[in-house]
Amino acid sequence: MKPVNSAAGGATGNGETGPVVQVAGAAVRLGGRTIWEHVDLEVWPGEFIAILGPNGSGKSTLIKAILGLLPLQAGSISVLGQPARRGHPEIGYVPQRRHFEADVRVRGRDVVRLGLDGVRWGLPLPFVQRGRARSFEKQVQDVIESVGAAAYADRPIGELSGGEQQRLLIAQALVTHPRLLALDEPLDSLDIQNQQAVAGLIRGIARDTGAAVLLVAHDVNPILSALDRVVYMAGGRVAVGTPEEVVTSETLSKLYGSPVEVLHASDGSVVVVGHPGEEEVFHHDRH
Amino acid sequence: MTAIDCCADGAQCASGSCSILQCAQNCSAQIQSHFISPFGYHFMQNAFLAGTLVAIMAGVLGYFMVLRSQSFAGHSLANVGFAGATGASLFGAPPILGLFAAGVAAACGIHYLGLGTRQTRQNDIAVGAIFTAAIALGFLFIRLAPKEFTVNIYDVLFGNVLGISDANVLITAISAAVLLSLLVVSARPLLFASVDPDVAAARGVPVRALGLGFLILLALTVAVAVQVVGVLLIFSLLVTPAATARYLTPHPALAVGMAVLLAILFTWCGLAVGFYTPYPVGFFITSFAFGTYLLVRGAKLLMARSQRTRLANSVLA
């Protein structure tokens, strides 16, 4: 993994010293319903931020808006100083999903490689561009090793376990050395050991590359110790701050508009109880 | 008769003083006196030429079709194509044109109604109803067609690879050139969109446009492949080689190459056997394809089982 300085060293101009993502007064409407509004958020290089909240509160929608996949009803979102747009090369994205079907017989290595040159039209000339082909192969191999997936990268991805697939998808998102990593529930389909391992991996990547990480999570506990800040979404509004500031009975009660209690277990994990609609947001014992 | 026999017949060959080429000429002269070469006939030259081109197109496109789980869409295009082929005969237009036109219409329908993959049961029923109506319509068109334009229903259903005209060989060659050049341009984004549509869309790949473009190329391939294997046996070139290749390697470029090689092999073997026997070529192409598929799947199953046994033994030991 590259150190912080060289990762950011190639880019110049807008966004070099400013925030990676700037959301100002943003609102999204889908199918006539306002998902959220008055959202303000700044994401700085190297930050690890979790997006939390009950189902349907618009966590994935926020990621998609930052990716430029959804139009805004109001406000603005800029990524590295430019308006959010589809196909921004400095964003690595792992969408929400269960897994690849078992009959997807394509090597994990090829899935990672698509992150590097899957958007390119045409085919590389086999002999003329040998140098570039080799450097691409090395980049793919490096990123596969950095996520610890070298042992199974040549097997069909459909045959791999959820944790192995998730590591390869994170490698695919990382292979272009993005400055923002947007991960939509990357831990959700994993068992508790893999959750911790993948969370640690992401934390390490953010530290080593200087990339900012936005991670949508159903359960905050596996990542609680690694987090810089949280974005808590509920009732069409958001609260942003450190976990100690936001995940409190007072802040969440205000956000939900009804009494909510945050309990702290002796092992440091937190459980939110009493809010309407969703009961398992912070269940640390659901596995 | 083997090459060694041939060579042994010639005194110079036996003494080792002649070239391989001379021996080969000797061989072919002897073989020709015993067998009739299929390449001596113009219709067989056309059959091999068109068959090879169709096999290349079907192998490449079949790989993506199987990867995208769109075999169902390919099946739909072929069935609707039946009505197109017979409908064209009403106006004296070539069946291949009707096949392509109907295929493109069906491709647009499948795309915009979102019926391409993961159909719900409701969609299955709707699409099934449309297929049946299309085939019934094709049946009616055959009766309605003026006598001088009548198409042979067997040719549309099972193909007539031995009756391909020079003009159709040319059409097939142009189709193959168009298809391959478009695929060379779009191969990587299409692979990305097929394997991982969400990420591809976020990265700026026009996933929906590629999906429609792919279905239209599939319609083109179906239209020309019907000449060789007909509407009913089209999967022997479109699905079976690609499905077999996928079991042989998980490497995308290699799998495409293998699918093409297998499709060519099945077509050539089918043509060769069909030439020397009185039975239809389409039957042999399909049987070779199916037999190979069974062999590969069976071998894979056995390998997986023996691997499990070995693993279990090593755990016990």
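For the structure itself, look to the data block above.
Reading guide: rules and limits
- Residues numbered from 1 in each chain as written.
- Chains lettered and ligands numbered in written order.
- Predicted model: local features only at pLDDT ≥ 70, side-chain atom pairs only at ≥ 80, totals over all residues.
- Heavy atoms only, no water.
- Helix = DSSP H or I, 4+ residues; strand = E, 2+ residues; numbered from the N terminus.
- Buried < 20%, exposed > 50% of the residue type's maximum accessible area, 1.4 Å probe, protein only.
- Contact = heavy atoms within 4.5 Å.
- Areas by Shrake-Rupley, 256 points an atom, 1.4 Å probe, with all protein chains shown as cover.
- Buried area = accessible area lost by both parts, 1.4 Å probe.
- Salt bridge = Lys/Arg side-chain N within 4 Å of Asp/Glu carboxyl O.
- Polar contact = N/O pair within 3.5 Å; in protein donor to acceptor, adjacent residues only side chain to side chain.
- 1 Å grid on protein atoms, 1.4 Å probe; cavity = no way out; pocket = protein on both sides within 12 Å on 5 of 7 lines; lining within 4 Å.
- Points joined across faces, edges and corners; volume = space filled by probe spheres on them.
- Nonpolar A, V, L, I, M, F, W, Y, C, P; charged D, E, K, R; others polar.
- Axes fitted to C-alpha atoms, helices over the stretch in contact; angles between N-to-C directions.
- Parallel < 35°, antiparallel > 145°, perpendicular 65-115°, else oblique.
- Left-handed = near helix turned anticlockwise from the far one by under 90°.

Another point: the overall build of chain B. Secondary structure assignment for chain B yields 15 helices and zero strands. The buried share among the 317 residues of chain B stands at 47%. Counting contacts in chain B only where the partners sit at least 6 residues apart, residues at least 24 apart contribute 75% of the total. Total accessible area on chain B stands at roughly 15500 Å², and carbon and sulfur atoms take up 70% of it.

Each helix and strand in chain A was counted, giving eight helices and twelve strands. Taken across its 287 residues, chain A has 51% of its residues classed as buried. Within chain A, contacts between residues separated by at least 24 positions form 64% of all contacts whose residues are at least 6 apart in sequence.

The interface of chain B with chain A comprises 27 residues on the first partner and 30 residues on the second. Taken over both partners, the interface formed by chain B and chain A buries close to 2700 Å², and the fraction arising from carbon and sulfur atoms is 60%. One salt bridge in this structure joins D117(A) and R188(B), with 2.9 Å as the shortest N-O distance. The interface formed by chain B and chain A includes eleven residue pairs in polar contact (both at pLDDT 80 or more).

Residue and element names in this part refer to chain A. Its place among the elements puts T209 in helix α6 (residues 192-209). For T209, a relative accessible area of 11% translates into the label buried. Here I205 takes part through its backbone oxygen, which lies 2.8 Å from a polar atom of the side chain of T209. A distance of 3.1 Å separates a polar atom in the side chain of T209 from the backbone nitrogen of A211.

Scanning all chains against the criterion turns up five cavities of 30 Å³ or more. Its boundaries defined by the atoms lining it, the largest cavity holds a volume of some 70 Å³. If you trace the largest cavity, you find eleven residues lining it, with L187(A), D188(A), Q195(A), H218(A) and D219(A) closest to the centre. As a volume, the second largest cavity reaches approximately 60 Å³. As for the second largest cavity, its lining consists of R113(A), D117(A), R120(A), P124(A), Q129(A), R132(A), A133(A), F136(A) and R188(B). Those elements giving two or more residues to the lining of the second largest cavity turn out to be α3 (108-117) and α4 (130-146) of chain A. Broken down by element, the residue count for the lining of the second largest cavity peaks at three residues, all from α4(A). Here the residues of the lining of the second largest cavity sort into three nonpolar, one polar and five charged.

All right, on to the packing of α3(A) against α4(A) then. All names here are of chain A. Between α3 and α4, the least distance of the axes is 10 Å, while the angle of their chain directions is 120°. By the angle between their axes, α3 is oblique relative to α4. Along this stretch, α3 crosses α4, giving a crossing that reads as right-handed. For the pair formed by α3 and α4, the contact residues are R109, V112, R113, L116 and D117 on the first element and F136, E137, Q139, V140, Q141, V143 and I144 on the second.

So, about the environment of T34(A). Residue and element names in this part refer to chain A. Along the polypeptide, T34 turns up in strand β2 (residues 33-43). Put simply, T34 and G58 are 24 residues apart on the chain and 9.7 Å apart in space, counted from C-alpha to C-alpha. Excluding anything up to four places from it in sequence, T34 contacts V28 and R29. Polar side-chain contacts of T34 include one of 2.9 Å to the side chain of R29.

Among the secondary structure elements, T172(B) is positioned in helix α9 (residues 166-195). Its relative accessible area of 0% is what places T172(B) among the buried residues.

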